[in-house]
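If you want the building blocks of each chain, they are given just below.
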Amino acid sequence: MKLHKYILIGCLAGTSMFTSCYDMDVFPQDKLGPSLFWKNEADIQKGVAGVYSKLYGGYMGWSKYLLEGITDNAYCKNGDQAAYRNMQMGVLEATSSGPIVSAYSDSYKGIAACNMFLKNFSDAKQNAKLSEEKASQYEAEVRFIRALCYFELVQRYGDVPLYKEAISVVEESKIKQSPANEVLAFIHEDLDYAITYLEDKAYSDGHAVKASAQALKARVALFQKDWPTVKSLTDEIIASNKYRLADNYNSLFIKREGQLGNPEIIFSVNYLNPDVRHNAEMELYYWNAATPTDDLMACYEEGDKRKKEWYVYAGVGNKVWTNPFGEQAETNSGTETGWILVKHLDKNNPETYKLTAYDFRTDNNVIVLRYADVLLMNVEAVLELNGGTTTDSKVLGYINEIRKRAGISLLTSVDLSQLYLERRRELAYEGLRHFDLIRTGQAETVMNNLVTPAGKCSFKNHFYQWPFPQSEMDANPMLDQKPGY
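Residues numbered from 1 in each chain as written. Predicted model: local features only at pLDDT ≥ 70, side-chain atom pairs only at ≥ 80, totals over all residues. Heavy atoms only, no water.

Draft legend 1. Spotlight on the overall build of the chain. Of the regular secondary structure elements, the chain holds 18 helices and 14 strands. With the C-alpha coordinates of the chain rotated into their principal frame, the extents come out at 65 × 50 × 45 Å. Counting the 485 residues in the chain, one finds 60% classified as buried. A separation of at least 24 residues holds for 72% of the contacts in the chain among residues at least 6 apart in sequence. Of the roughly 18400 Å² of accessible surface on the chain, 48% is carried by carbon and sulfur atoms. (Helix = DSSP H or I, 4+ residues; strand = E, 2+ residues; numbered from the N terminus. Buried < 20%, exposed > 50% of the residue type's maximum accessible area, 1.4 Å probe, protein only. Contact = heavy atoms within 4.5 Å. Areas by Shrake-Rupley, 256 points an atom, 1.4 Å probe, with all protein chains shown as cover.)

Draft legend 2. Structural detail: the packing of helix α13 (residues 371–385) against helix α14 (residues 393–406). Closest axis-to-axis distance for the α13/α14 pair is 9 Å, and the angle between their directions is 140°. In this view, α13 runs oblique relative to α14, as classed from their interaxial angle. At the point where α13 passes α14, the crossing takes the left-handed sense. Residues A372, L375, L376, N378, V379 and V382 of α13 form the contact with α14, whose participating residues are V395, Y398, I399, E401, I402 and R405. When its residues are assigned to classes, the contact of α13 with α14 shows nine nonpolar, one polar and two charged. (Axes fitted to C-alpha atoms, helices over the stretch in contact; angles between N-to-C directions. Parallel < 35°, antiparallel > 145°, perpendicular 65-115°, else oblique. Left-handed = near helix turned anticlockwise from the far one by under 90°. Nonpolar A, V, L, I, M, F, W, Y, C, P; charged D, E, K, R; others polar.)

Draft legend 3. Focus on the nonpolar core. Membership of the largest hydrophobic core comes to 146 residues, with the highest contact counts inside it found for I44, F144, Y150, I187, F267 and Y311. Examining the composition of this core, we find that 14 residues originate from one element, helix α5 (residues 132–157), more than from any other. Residue contacts for I187: discarding those within four places in its chain leaves A147, Y150, F151, V154 and V220. (Core = buried A, V, L, I, M, F, W, Y, C linked by side-chain atoms within 4.5 Å.)

Draft legend 4. Looking closely at helix α6 (residues 180–197). Across its 18 residues, α6 extends 26 Å between first and last C-alpha, which sits within 8% of the 26 Å expected from 1.5 Å per residue. Among the structural elements, α5, α7 (210–224) and α8 (227–240) are those in contact with the buried residues of α6. (Expected span 1.5 Å × (residues − 1).)

Draft legend 5. Examining the packing of aromatic side chains more closely. A complete count under the given rule lists 30 aromatic pairs for this structure. Ring centres of F37 and W38 lie 5.2 Å apart, and the angle between their planes is 70°; on these two criteria the pair is classed as edge-to-face. Judged on exposure class, the residue F37 and its partner W38 are both buried. An angle of 85° between the planes, with centres 5.1 Å apart, marks the rings of Y104 and Y157 as edge-to-face. Taken together, the positions of Y104 in helix α4 (residues 99–127) and Y157 in helix α5 put the pair 53 residues apart, joining distant regions of the chain. Accessibility expressed as a relative area gives 0% for Y104, which makes it buried. The class of Y157 is buried, set by a relative accessible area of 0%. Grouped by ring-pair contacts, the aromatic residues Y104, Y108, Y150, Y157, Y163, F186, W466 and F468 constitute a single cluster. A cation sits over an aromatic face here: K343 above W310, 3.8 Å from the ring centre. (Phe/Tyr/Trp six-rings, centres within 6.5 Å; stacked < 30°, edge-to-face > 60°. Lys NZ or Arg CZ within 6 Å of the ring centre and 35° of its normal.)

Draft legend 6. Layout of the pattern of salt bridges. Under the criterion given, the structure shown has 39 salt bridges. Note that R219 and D373 form a salt bridge whose closest N and O atoms lie 2.6 Å from each other. Separated by 154 residues along the polypeptide, R219 in helix α7 and D373 in helix α13 bring together distant segments of the chain. The class for D373 is buried, based on a relative accessible area of 1%. A salt bridge links E301 to R403; the nearest nitrogen and oxygen atoms lie 2.9 Å apart. (Salt bridge = Lys/Arg side-chain N within 4 Å of Asp/Glu carboxyl O.)

Draft legend 7. Representation of the environment of T71 within the structure. Here T71 shows up in the loop between α2 (41–53) and β3 (74–76). Given the relative accessible area of 0%, T71 is considered buried. Note: C-alpha distance between T71 and P324 (253 residues apart in sequence) is 29 Å. Look past the residues within four positions of T71 in its chain and what remains in contact with it is Q88, R433, H434, L437, M447 and L450. At 3.0 Å, the side chain of T71 and the backbone nitrogen of N73 are in polar contact. (Polar contact = N/O pair within 3.5 Å; in protein donor to acceptor, adjacent residues only side chain to side chain.)

Draft legend 8. Summary view of unusual backbone geometry. The step from N273 to P274 runs through a cis peptide bond, and the omega angle for that step is 0°. By the element assignment, P274 lies in the loop between β4 (265–269) and α10 (280–286). A positive phi is found at N288, a non-glycine position, where the angle reads about 50°. Structurally, N288 can be placed in the loop between α10 and β5 (290–292). Given a relative accessible area of 1%, N288 falls into the buried group.

Draft legend 9. Region of interest: the side chain of N364. Checked against the element boundaries, N364 lands in the loop between β9 (339–341) and β10 (366–370). Of the polar contacts made by the side chain of N364, one reaches the backbone nitrogen of K255; its length is 2.9 Å. For N364, the side chain forms a polar contact with the side chain of T362, separated by 3.1 Å. Ignoring any residue separated from it by four or fewer positions in sequence, one finds N364 in contact with F253, I254, K255, Q259, Y271, H278, E281 and H344.

If you want it as structure tokens, here you go:
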């Protein structure tokens, strides 16, 4: 089954489309209801594709890279990304625009799509005469996506409204938030189902597989500090021998260089030219919208290939640099920190340097889960279970695989501070740094010691959870605002 074939179907999934989280355009029974749709397996495939399409927008697709702008990794200048800079400087309010609002509403759009699919699926699978095995695989994919959406919410907001089934009328959406542990338990139910029924094969075509669910469950367990579960799940993925580190970094992030079928990718949000594209190259490179900080650059060791491959120095305020062909290349805007990000740029393609503005829109897939992260999660779990340090050769082998690819010295022992540092280096500009700082309790110390071109940053204790957007508070009077906001 091909995800891309039906990638633009959208509402044909029979999904509720939220204009905000609760302002629903209820499922159009007159046009796409069970009497006219959900008749065969092709309809089901379109429905699944509609669910996957909810990952393109907001903070599960390429916009997740911009979350670096609220960490010590990046600085966002004025313009569309000013909300990130403001958050970095200590402005985090219920009325904040940008990620505060979009991450909430976009996650619930995904959840609504999943719930509506599942509502119709019991009849659809009978109409299509699916085998139990095939039906369980389709359901497992959708439940994996629902778990991903709910986890995006819990990481940011903690307690959130929990909708286990499709909503028929808007009034049903007006409920109090559920405790985070109840939402997390529901996430684990979905992921356990997905692990049981997703195909046990290497990830390849945009559809979640067993390891996708295992890796996501490990990440959830990491957030919960459930170290035995993290270790068990990552051990299983490693032992499957279906994944390995990519031979080079460009093949991970650039479709033209070998992203499709890459042995390191475990799940990604897949795009397809010309209709399903995103703005990562345009925003992060051409506009220099989230420039790497000196603080990030200082964390790399001498000779680290990642620093050479992913960043170039042009000088503060400048926009000209020397590309891999030895030619001068120019961005549209000068870099605020002196550094230019090229991690997600197709920099080895000479045609790239002929592009301007919106020509930079790309269909490179956005990685959600990859094998390097699995290795690092395993190392962290072992360290937490063994007093914070280890000389175990197997565990050292995992982190040294990553360091060897980067061209830096191998370790003979490892502790948590070294592990955190390696995560920062390896996973920079992949949208994980903020959540690493939150879950490890380092955010206050790290951010309050950071100085950017806008000045000294500020992180208050209650920032560990984001506020509910005021628009959602207005729409759902049952919500209780987070403490401190």
